[in-house]
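Examining the three-dimensional arrangement
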Amino acid sequence: MVKDSPAVNPSMREERGLRCPKCGCGHLPVRYTRQQNGHIMRVRRCRHCGHRVVTRERP
Ligand SMILES: [Zn+2]
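Within any chain, residue numbers begin from 1 and follow the written order of that chain's sequence. Residue-level local features of this predicted model are given only where pLDDT is at least 70; pairs of side-chain atoms are given and counted only at 80 or more, and the full residue set underlies all totals for whole chains, interfaces and linings. With hydrogens and water excluded, all non-hydrogen atoms of the structure serve as input to the side-chain values.

**Points about the overall build of the chain**
Note on conventions: DSSP H or I runs of at least 4 residues are helices, E runs of at least 2 residues are strands, and numbering of each starts at the N terminus. A tally of helices and strands in the chain yields 1 helix and 3 strands. Mapped from its N terminus to its C terminus, the chain presents α and β elements in the order α-β-β-β. Per-residue accessibility, obtained with a 1.4 Å probe over protein chains only, is compared with the maximum for each type, and a residue is labelled buried under 20%, exposed over 50%, and partly exposed between these values. Across the 59 residues that make up the chain, the buried fraction comes to 19%. Contacts in the chain between residues at least 24 apart in sequence constitute 24% of all its contacts with a sequence separation of at least 6. Contact definition: two residues touch when any of their heavy atoms are within 4.5 Å.

As structure tokens, this is what we get:
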């Protein structure tokens, strides 16, 4: 079970709390990072099931 810690900085929450929506695995290594219209897009792939997870961040 993964609990959200209220002590965690909200800006770090996405990075730290990121889990695979399919299997819940927390091991999502970044495959590549891309900049797009001022956004940072990261494509990750779950180590466990191979599910692709795309996250977008605003600086
Ligand atoms: Zn997975």
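Having put the structure on the table, let's press on.
**A word on the coordination of the zinc ion**
In this structure, C20 (SG), C23 (SG), C46 (SG) and C49 (SG) serve as the protein donors to the zinc ion, at separations of 2.2 to 2.4 Å. On the primary sequence, the residues serving as donors to the zinc ion are separated as C-x2-C-x22-C-x2-C. One end of the pair, C20, is in the loop between α1 (10–16) and β1 (30–36); the other, C46, is in the loop between β2 (39–45) and β3 (52–57), with 26 residues separating them in the sequence. Note that water is not among the atoms considered, so a metal site may appear incomplete; the donors listed are N, O and S atoms within 2.8 Å of the metal, with 3.2 Å applied to Na, K and Ca.

**Comments concerning the confidence of the model for the chain**
The quantity known as pLDDT measures the predictor's confidence residue by residue, on a range of 0 to 100. A residue-level look at the chain finds 73% of positions with pLDDT of 70 or above and a mean pLDDT of 82. pLDDT under 50 marks residues 9–13. Its contacts with residues more than four places away, or in other chains, come to 3 contacts.

**Focus: the side chain of R44**
Looking at the element boundaries, R44 is found in strand β2. A polar atom in the side chain of R44 sits 3.0 Å from the backbone oxygen of L28. Think of a polar contact as two N or O atoms within 3.5 Å of one another; within protein, one of them needs to be a possible hydrogen donor and the other a possible acceptor, and neighboring residues in sequence only count if both atoms come from side chains.

**A look at the pairing of β3**
Where burial is concerned, the two faces of β3 differ: the one with V53, T55 and E57 is buried and the one with R52, V54 and R56 is not. Remark: 6 residues form the turn of the hairpin made by β2 and β3, two consecutive strands paired antiparallel; G50 in that turn has positive phi of roughly 85°. Note on pairing: two strands pair once DSSP finds at least 2 bridges between them.

**Regarding the environment of N37**
Tracing the backbone shows N37 in the loop between β1 and β2. Spatially, the C-alpha atom of N37 lies 9.7 Å from that of R58, the residues being 21 residues apart in sequence.

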